[in-house]
Amino acid sequence: MESPRNAVTLESAERIILRWDSTASEEARDRMIFDGDRREIDTYLTAVDEIQSLMESNALADDQSKASTAIQIAMARLEDEFRNLLISHAGPIEPDSCVFDPSGVSSSRRSSASSIDSSRYYSEDDVSREFDVVQRGAGDGEGEDSSTPSYRCTNSIREIDLIPAEAISDLRSIAERMISAGYTRECVQVYGSVRKSAVDAGFKKLGVEKLSIGDIQRLEWEVLETKIRRWIRAAKACVRILFASEKSLCQQIFDDLGTATDEACFVETVKGPAIQLFNFAEAISISRRSPEKLFKILDLHDALSNLLPDIDAVFQSDSAESIRVQAAEILTRLAEAARGILSEFENAVLREPSRVPVPGGTIHPLTRYVMNYISLISDYKQTLIELIVSKPSTGSRYSGDPSIPDMDFAELEGRSPLSLHLIWIIVILQFNLDGKSKLYKDDSIAHLFMMNNVHYIVQKIKVSPDLRELIEDDFLKKLTGKFQQAANSYQRSTWVRVLYCLRDEGLHVSGSFSSGVSKTALRERFKAFNSNFDEVHRIQATWLIPDTQLREELRISVSEKLIPAYRSFLGRFRSHIESGRHPETYIKYSVEDLESALLDFFEGYPVSQHLRRRSQ
């Protein structure tokens, strides 16, 4: 039989519980205990404690059922109070709270090149658009005012106080009593449902969209590029701030209240959103491979690689293992995708099929595209050195396949696999260009075309320190020798026949009535020179050397051979022509005229414009 004191205690506690029974009291339905006076809150919690204490001490032999009913009513009420408190403080995280370091930004990288297509090429500007600035990740707390109370920062993880301390204290008081009474599941479910809605609202604020893997893979790449930039920023905020803060909140409310209750609540809250977040990166990692995707995939890889230690820290419990595993597997697939894209890019360069010679022997769009592309690759040198661990699968010496250039990788021993891949791309680009040079019917422009393109390759390597470091000077010297060889071949194929007109052989005759020079042969020689030079001038003024220094150097080289030879020839034989009839017919050019005409070479003039210039 229970003692009178226990009976009085149970009766008074029960009266307080029943007063707040929302199923029986309209006043109880309209008011929330934890919205009111602090004394009312403490009185109610004390009543619950007293009943639980009596039940645990087995001091209510005849009134156990009565106490049990009171506790059920109290737990229903506390569940409502718990939900109301959570909802009252479930505002979404603000984007401004997710800026790691407003004064610091990472160095931007250029955006992706577009896919190789025989009918579509992209300029250097197209290939080198700047990435949007991405907020710093690791070490973001530097310079932050340590007196700011709402932040705690450990390395790159920054926790935000999502709920005020007083409300956390009330939530913990409720959770403690619900768990003690055996209502852990109900408590966890209420917590998870409300906080998951808050996380979803935070996702919306941060621009994280609810897209399935299929939805993502159906989007155009141009759209995905923008979404990838947003995702990288959002993922940093979600892992390092949003999820970390949710974990901290769970620990503040549930730590030591039950076996891993805080972890259960945390996983209940963020598992779905975390899977949704990482599904985006997963969709990109398994999407169709094409060259223009490489750099965004590397951006994703870098971002996820930097985040992985934070993911492991935030999701360290056994119940969150699937999230850690998903992130690690995505990182592996992104690395595989990058390697596969590089291999496919090499094959695309080798097989690029355009068969129309570029006008004027200028730089081929393929050359610009490929060199801009590998310049971008060098921007990701550190990442790719880690990812590219094997040399190109093709290119072995004496392959026997005429459609593949021979290359002896033994000559490049000691190079990193990434370096070998870049050199191989340049080798197959030259191989492709050599085939395109044969589309020209004139050997001179074929040599000029190769000179232009190999010179462009050399200059792109020289202006990029990272690319030059990967290519190394010995291979760069070989390339320099090749464009110089092409320049020499151009001069031989063009100017030998012009200079041949200025030789002395065949002009001298013997006899007592002769001056020693055949005027007829001399006139023919001047006519041949004029005709050959006019033809070269007419055609080659329409050819183009885009690099002003290279253009000037080639003109000087030609001038150093042509002008002295013409000046000497003219000096020796001018008098023989001028003593005859119509000397202007044969001596068409003065030395100054010839020097002036050489300035027209390689300017890429349209034929009609060039003809007008020469007639003036």
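Our structure's up above, just so we're on the same page.
These numbers come from a predicted model, not from an experiment.

Colleague: How would you explain the overall build of the chain if you had to name every residue and give the values?
Modeller: Scanning the chain for helices and strands turns up 22 helices and two strands. A burial count over the chain gives 49% of its 616 residues as buried. Relative to all contacts within the chain whose residues are 6 or more apart in sequence, the contacts with residues 24 or more apart total 79%. Carbon and sulfur atoms make up 48% of the accessible area of the chain, which amounts to about 29,000 Å² in all.

Colleague: Quick rundown of the side chain of Gln52? Include the residues and the values.
Modeller: Looking at the secondary structure, you find Gln52 in helix H3 (residues 38-56). Residue classification places Gln52 among the buried positions, given a relative accessible area of 9%. Not counting chain neighbours up to four residues away, the residues in contact with Gln52 comprise Ile71, Met75, Arg177, Ser180 and Ala181.

Colleague: I'd like a description of empty space enclosed by the protein, backed by residues and values.
Modeller: Across all of its chains, the model carries three cavities of 30 Å³ or more by this definition. What the largest cavity holds in volume is close to 140 Å³. As for the largest cavity, its lining consists of Gly207, Val208, Glu209, Leu211, Ile216, Lys227, Arg230, Trp231, Gln276, Leu277 and Phe280. Elements with a contribution of two residues or more to the lining of the largest cavity: helix H9 (221-254) and helix H10 (261-285). Classifying every residue of the lining of the largest cavity by side-chain character gives six nonpolar, two polar and three charged.

Colleague: Lay out the packing of H3 against helix H6 (residues 165-180) in plain terms, naming residues and giving numbers.
Modeller: For the pair H3 and H6, interaxial distance at closest approach is 11 Å and the crossing angle is 20°. Taken together, the axes of H3 and H6 are roughly parallel relative to one another. Crossing angle aside, the handedness with which H3 passes H6 is left-handed. Listed contacts from H6 to Arg38, Leu45, Val48, Asp49, Gln52 and Glu56 of H3 are Glu166, Asp170, Ser173, Arg177 and Ser180.

Colleague: So, the packing of aromatic side chains: which residues are in play, and what are the values?
Modeller: The final tally for this structure, using the stated rule, is 23 aromatic pairs. Between Tyr369 and Tyr373, the ring centres sit 5.9 Å apart and the planes meet at 40°, which makes this aromatic pair tilted. Here Tyr373 and Tyr369 lie together in helix H13 (residues 365-379), a separation of four residues that amounts to about one turn. On the basis of relative accessible area, Tyr369 is assigned to the buried category, the value being 1%. Seen from their ring centres, Phe529 and Phe533 are 6.0 Å apart, and the 10° between their planes marks the pair as stacked. Placement of the pair is Phe529 and Phe533 together in helix H19 (residues 519-540), with a separation of four residues, close to one helical turn. Across the pair, exposure class does not vary: Phe529 and Phe533 are buried alike. Each residue in the set Tyr490, Trp495, Phe529, Phe533, Tyr566, Tyr589, Phe601 and Phe602 is aromatic and connected to the rest through ring pairs, giving one cluster. The aromatic ring of Tyr500 is capped on one face by Arg503, whose charged end is 3.6 Å from the ring centroid. The side chain of Arg523 reaches across the aromatic face of Tyr586, ending 5.8 Å from its centre.

Colleague: Account for helix H15 (residues 417-437), naming residues and giving values.
Modeller: An ideal rise of 1.5 Å per residue puts 30 Å on 21 residues; H15 measures up with 30 Å between its terminal C-alpha atoms. H15 sits mainly inside the fold: 17 of its 21 residues count as buried.

Colleague: So what about helix H20 (residues 548-578)? Which residues, and what values?
Modeller: Counting along an α-helix, one turn takes 3.6 residues, and residues three or four places apart therefore face a common direction. For H20, with 31 residues, the first-to-last C-alpha span of 39 Å runs short of the 45 Å given by 1.5 Å per residue. The N-capping residue of H20, defined by a side-chain oxygen 3.2 Å from the backbone nitrogen of Gln549, is Asp547.

Colleague: Tell me about the packing of H6 against H9, residues and numbers included.
Modeller: Interaxial distance between H6 and H9 falls to 8 Å at its minimum, and their mutual angle equals 60°. Classified by the interaxial angle, the pair formed by H6 and H9 is oblique. Of the residues in H9, those touching H6 at Ile168, Leu171, Arg172, Ala175 and Ile179 are Leu249, Gln251, Gln252, Ile253 and Phe254. A per-class count over the contact of H6 with H9 returns seven nonpolar, two polar and one charged.

Colleague: Give me the lowdown on the pattern of salt bridges, citing residues and values where you can.
Modeller: All chains considered together, the criterion is met by 33 salt bridges. The partner of Arg185 in a salt bridge is Glu186, and the shortest N-O contact between them spans 3.6 Å. Notably, a salt bridge pairs Lys438 with Asp434, separated by 2.9 Å at the nearest N-O pair. Taking the relative accessible area as the measure of exposure, Lys438 reaches 60% and is therefore exposed.

Colleague: With reference to specific residues and values, describe unusual backbone geometry.
Modeller: Of note, Asp256 is a non-glycine position whose phi angle comes to about 70°, a positive value. With a relative accessible area of 69%, Asp256 lands in the exposed category. Of note, Glu472 is a non-glycine position whose phi angle comes to about 75°, a positive value. Turning to its location among the elements, Glu472 is positioned in the loop between helix H17 (465-471) and helix H18 (473-500). In this structure Glu472 comes out as partly exposed when scored by relative accessible area, which is 34%.

Colleague: Summarise the side chain of His455; cite the residues concerned and give the values.
Modeller: Structurally, His455 can be placed in helix H16 (residues 443-463). Since its relative accessible area comes to 8%, His455 is described here as buried. Residue contacts for His455: discarding those within four places in its chain leaves Phe483, Asp547 and Leu550.

Colleague: Would you mind going over the environment of Arg339 in detail, with residue names and values included?
Modeller: With respect to the helices and strands, Arg339 occurs in helix H12 (residues 321-351). When neighbours within four sequence positions are excluded, Arg339 is seen to be in contact with Leu387 and Ile388.

Colleague: Can you lay out the environment of Glu222 for me, pointing to particular residues and giving the numbers?
Modeller: Tracing the chain through its elements places Glu222 in helix H9. Considered as a pair, Glu222 and Lys293 are 71 residues apart in the sequence and their alpha carbons are 9.9 Å apart.

Colleague: Let's hear about the environment of Leu366: which residues, and what values?
Modeller: Summarising the element assignment, Leu366 is placed in helix H13. A relative accessible area of 0% means that Leu366 is categorised as buried. Along the backbone, Leu366 and Val349 are 17 residues apart, and their C-alpha atoms lie at a distance of 8.0 Å.

Thresholds applied
- Residues numbered from 1 in each chain as written.
- Predicted model: local features only at pLDDT ≥ 70, side-chain atom pairs only at ≥ 80, totals over all residues.
- Heavy atoms only, no water.
- Helix = DSSP H or I, 4+ residues; strand = E, 2+ residues; numbered from the N terminus.
- Buried < 20%, exposed > 50% of the residue type's maximum accessible area, 1.4 Å probe, protein only.
- Contact = heavy atoms within 4.5 Å.
- Areas by Shrake-Rupley, 256 points an atom, 1.4 Å probe, with all protein chains shown as cover.
- 1 Å grid on protein atoms, 1.4 Å probe; cavity = no way out; pocket = protein on both sides within 12 Å on 5 of 7 lines; lining within 4 Å.
- Points joined across faces, edges and corners; volume = space filled by probe spheres on them.
- Nonpolar A, V, L, I, M, F, W, Y, C, P; charged D, E, K, R; others polar.
- Axes fitted to C-alpha atoms, helices over the stretch in contact; angles between N-to-C directions.
- Parallel < 35°, antiparallel > 145°, perpendicular 65-115°, else oblique.
- Left-handed = near helix turned anticlockwise from the far one by under 90°.
- Phe/Tyr/Trp six-rings, centres within 6.5 Å; stacked < 30°, edge-to-face > 60°.
- Lys NZ or Arg CZ within 6 Å of the ring centre and 35° of its normal.
- Expected span 1.5 Å × (residues − 1).
- Polar contact = N/O pair within 3.5 Å; in protein donor to acceptor, adjacent residues only side chain to side chain.
- Salt bridge = Lys/Arg side-chain N within 4 Å of Asp/Glu carboxyl O.

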